[in-house]
Amino acid sequence: MRRRDLLVGGSITLAQLWAAKSRADCGVPNTRAAVSIGVNKAGTLPVLKAAISGAKSVADWLCGEGFEVKLIVDVAGPVTARMIKDAVFELVGRSTLTHLVIYFSGHGVCVGFNEYWLLSGAPDDPNEAVTLRESWELAHRSGIPNVVFISDACRSIPEYNASLLTGTLIFPNSPTPAGRSGKVDRFLATEPGQSSIEAKVAADAYAGIYTAVFLEAFQHPSEEMVKTIDGNLVVPNSILEDYLRVQVPLRLMQIDLKHRQIPDTRLECRDNFYIGRALRPASPPGPGAVFGEQNAKISDVVNRELATTQVGTLGPLHNIYEQTLKQVATESGFDHAKASISTAKGARSFETEMGLAINGARVIRAMSRNDVEILRRYEDPALVRVYPGDGRPATVALMFEDGSGTVIAALPGFVGTITVAAGKVSSVTYAPSVGGSRSYGSYDEKERLDKLHALVGAAAKYGAFRIEGNEESRARAAERLADQIRVMKGVDPTLGIYAAYAYADANLIDQVQSVREFMRGDLRGDLFDVALLANALSGKHIENPDGVTPICPMLSQGWQLLRVKNVVLPKPIEQARSELRDGLWTTFGPKGMELVFSYMQQNGFRNSG
């Protein structure tokens, strides 16, 4: 969470190179606008030295590029969520913008699968932060064709209790204007869980490594980085992505070999989209992007392994040594996560063709609208038999020995295998009940899907199951993924759920809706997460527990979308949200599970026999 101070020899020249326009000119209304934010001091956290200067440098550069710029920094006073919200709302409300850039330099944190920019009043005031995942979602609805977020902030896990951090939405929560759905590009300084580094560049001057390298892409571009678009020599966003991934780690290696910072870029706009011009004549071609140990990522591991499956790669396949990828997979914990899914013990079948096997935790209580029985209560795995009832998916709540628990969907014809590790549900997979109507056609088919489930589940845990590339390659990847969801004698629920999140993250909403229709038809009911991502629950109060299954999101990411999709859960379930544990799948602490069971008991759910 803390940005680190490092000393670097020489200097990084920034703001003086962008004097094409005065700051006064940047206030003139335009179709291209930006909000540049710098917060050196957030609450009692360590004071940063480069956030304000970074925001000013970016503001000066964007001003020179013809943007109308609103600069918000904590020089004369604190930076508040209201200041940022008002600035963005005013710009969005014009309905005339074609481009909007939001830049931030300061403290940042990841909490579960959400992340926040911390403002002056944070973390003590849980609202004095910008909630990013929700703001990204709302930016799609702004009606602005291209919104770009540039974040020079840490994405590490906080050293303090941040469970109550809610953050502020900085975009209007309103319907998308007809025919004006926007695309959102994200330039993030580092990977989840990592720090963003600031360096000392002179006796009394500091700069963020990421911001400095970002600006230098336009200051000193090489020939292969520059394209002619709209008559201008520019650096396209798609080329900027590879440049940052190579140059940021290289810059850091020049001053520090202990730390790792690899940018994380997610582009929806490709090809002809750009932020700025090449400000100097292009230099001769460089050696090209070199990918190796210093910038290899888990997504590279995932795509290399997916390339050997029928899904195929979901993003660029970089030329990285196999040994380097093995090292990343081992040191990151990815291989361990994959193995824990592969080795989890399931149940071959239940006579009801519907049930759950729970690894790593004893189950002391289960509740559902359907009849349920806990079998092998004190063995591993514990087994929960679920009776099919009306033949539709069923909500099942499970309480573990320490009082924590989860809420999950039991599916007719499938056995769900749940893995609990360190007090959290780390994996859920569904496989056809052996001998049932959905049985695998062969052992080879079972083995192939088991390996795919482990790979995809581990990738999702690390945020690396995502669809990337240009529009054509993304469309092909999305289609291959869809083909794999439609396997066996119907649907693969495991892959369907993960794919729906990958489609939503890539803003491929048509594909999310297609997955929902196929799964709903095959399973005879809606799964909460898929319906949520397909916008089928938007604007609804979930008062009928039979409407979707289960009664809340199964994956933690889903909880972060309830507010922006205007989905209201029953009050006790919403109250239990504060007891969510940090993990991929929904896990409540003991107080949360008591609220869940109390609500279910009052609404006709039955305890296990």
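Let me begin by describing the structure that accompanies this report. (Residues numbered from 1 in each chain as written. Predicted model: local features only at pLDDT ≥ 70, side-chain atom pairs only at ≥ 80, totals over all residues. Heavy atoms only, no water.)

1. Some thoughts on the overall build of the chain
Thought 1: Looking only at helices and strands, the chain has 16 helices and 24 strands in total.
Thought 2: Here the C-alpha atoms of the chain give a radius of gyration of 25 Å, agreeing with the 25 Å that 2.2 N^0.38 yields for 609 residues.
Thought 3: Overall, the chain is about 75 × 45 × 45 Å in size when its C-alpha atoms are taken along their principal axes.
Thought 4: Sorting the 609 residues of the chain into buried and exposed places 59% on the buried side.
Thought 5: Accessible surface computed for the chain: about 23,500 Å², of which carbon and sulfur atoms make up 50%. (Helix = DSSP H or I, 4+ residues; strand = E, 2+ residues; numbered from the N terminus. Rg over C-alpha atoms; globule rule 2.2 N^0.38 Å. Buried < 20%, exposed > 50% of the residue type's maximum accessible area, 1.4 Å probe, protein only. Areas by Shrake-Rupley, 256 points an atom, 1.4 Å probe, with all protein chains shown as cover.)

2. Regarding the packing of aromatic side chains
Thought 1: For the structure shown, the criterion picks out twelve aromatic pairs.
Thought 2: An angle of 45° between the planes, with centres 6.0 Å apart, marks the rings of Phe214 and Phe218 as tilted. Here Phe214 pairs with Phe218, and both are found in helix H4 (residues 209–219), just four residues apart, close to one helical turn. The same class applies to Phe214 and to Phe218, which are both buried.
Thought 3: Of the aromatic side chains, those joined through ring pairs into one cluster are Trp61, Phe187, Tyr210, Phe214 and Phe218.
Thought 4: Between the NZ or CZ atom of Arg186 and the centre of the ring of Trp136, over which it lies, the distance is 4.7 Å.
Thought 5: The ring of Phe605 carries the charged tip of Arg369 above its face, separated from the ring centre by 4.8 Å. (Phe/Tyr/Trp six-rings, centres within 6.5 Å; stacked < 30°, edge-to-face > 60°. Lys NZ or Arg CZ within 6 Å of the ring centre and 35° of its normal.)

3. Looking at the nonpolar core
Thought 1: In this structure, Phe171 and Ile358 are the most contacted members of the largest nonpolar core, which totals 140 residues.
Thought 2: For this core, the element with the most residues is helix H11 (residues 493–505), which contributes nine residues.
Thought 3: Ignoring any residue separated from it by four or fewer positions in sequence, one finds Phe171 in contact with Val88, Phe89, Val92, Leu100, Ile102, Ser135, Leu138, Ala139, Ser142, Val147 and Phe149. (Core = buried A, V, L, I, M, F, W, Y, C linked by side-chain atoms within 4.5 Å. Contact = heavy atoms within 4.5 Å.)

4. Here we look at the sheet that holds strand S14 (residues 264–266)
Thought 1: Sheet architecture is open: six strands sit in the order S3-S2-S4-S8-S9-S14, paired in mixed fashion. Here the strands that pair on one side only, and so sit at the sheet edges, are strand S3 (68–73) and S14. Within this sheet the neighbouring strands show an average axis-to-axis angle of 10°, counted without direction.
Thought 2: Bridging between strand S8 (residues 146–153) and strand S9 (residues 183–188) involves six bridges; their strand directions are parallel. Pairing of Asn146 across the sheet is with Lys183, part of S9.
Thought 3: Against the sheet, H4 makes contact with strand S4 (99–106), S8 and S9, and its axis sits at roughly 135° relative to S8, the strand it touches most. (Pairing = 2+ DSSP bridges. Axes fitted to C-alpha atoms, helices over the stretch in contact; angles between N-to-C directions.)

5. Brief notes about H4
Residues lying three or four places apart along an α-helix face the same way, a consequence of the helix completing one turn every 3.6 residues.
Thought 1: Of all eleven residues in H4, eleven are buried, a share of seventy percent or more.
Thought 2: If you check which residues of H4 are buried, you get Ile209, Tyr210, Thr211, Ala212, Val213, Phe214, Leu215, Glu216, Ala217, Phe218 and Gln219.

6. As for the pattern of salt bridges
Thought 1: Using the criterion set out here, one finds 36 salt bridges in the structure.
Thought 2: Between Lys565 and Glu137 there is a salt bridge, with its nearest N and O atoms 3.1 Å apart. Placement of the pair is Lys565 in the loop between helix H14 (556–559) and helix H15 (571–576) and Glu137 in helix H3 (residues 132–139), with a sequence separation of 428 residues. The pair formed by Lys565 and Glu137 is uniform in burial state, with each residue classed as buried.
Thought 3: With a closest N to O distance of 3.4 Å, Arg362 and Glu401 form a salt bridge. Separated by 39 residues along the polypeptide, Arg362 in the loop between strand S16 (355–359) and strand S17 (363–368) and Glu401 in the loop between strand S20 (394–400) and strand S21 (405–410) bring together distant segments of the chain.
Thought 4: For Arg362, a relative accessible area of 37% gives the class partly exposed.
Thought 5: According to the relative accessible area criterion, Glu401 is partly exposed, its value standing at 49%. (Salt bridge = Lys/Arg side-chain N within 4 Å of Asp/Glu carboxyl O.)

7. Some words on the environment of Arg365
Thought 1: Mapped onto the fold, Arg365 is located in strand S17.
Thought 2: Placed 293 residues apart in sequence, Arg365 and Ile72 show a C-alpha to C-alpha distance of 52 Å.
Thought 3: With residues up to four places along the chain from it excluded, the contact list for Arg365 reads Ile374, Arg377, Ala397, Leu398, Met399, Phe597, Gln601, Asn607 and Ser608.
Thought 4: Within the local environment of Arg365, its side chain forms a polar contact with the side chain of Asn607, the two groups lying 2.9 Å apart. (Polar contact = N/O pair within 3.5 Å; in protein donor to acceptor, adjacent residues only side chain to side chain.)

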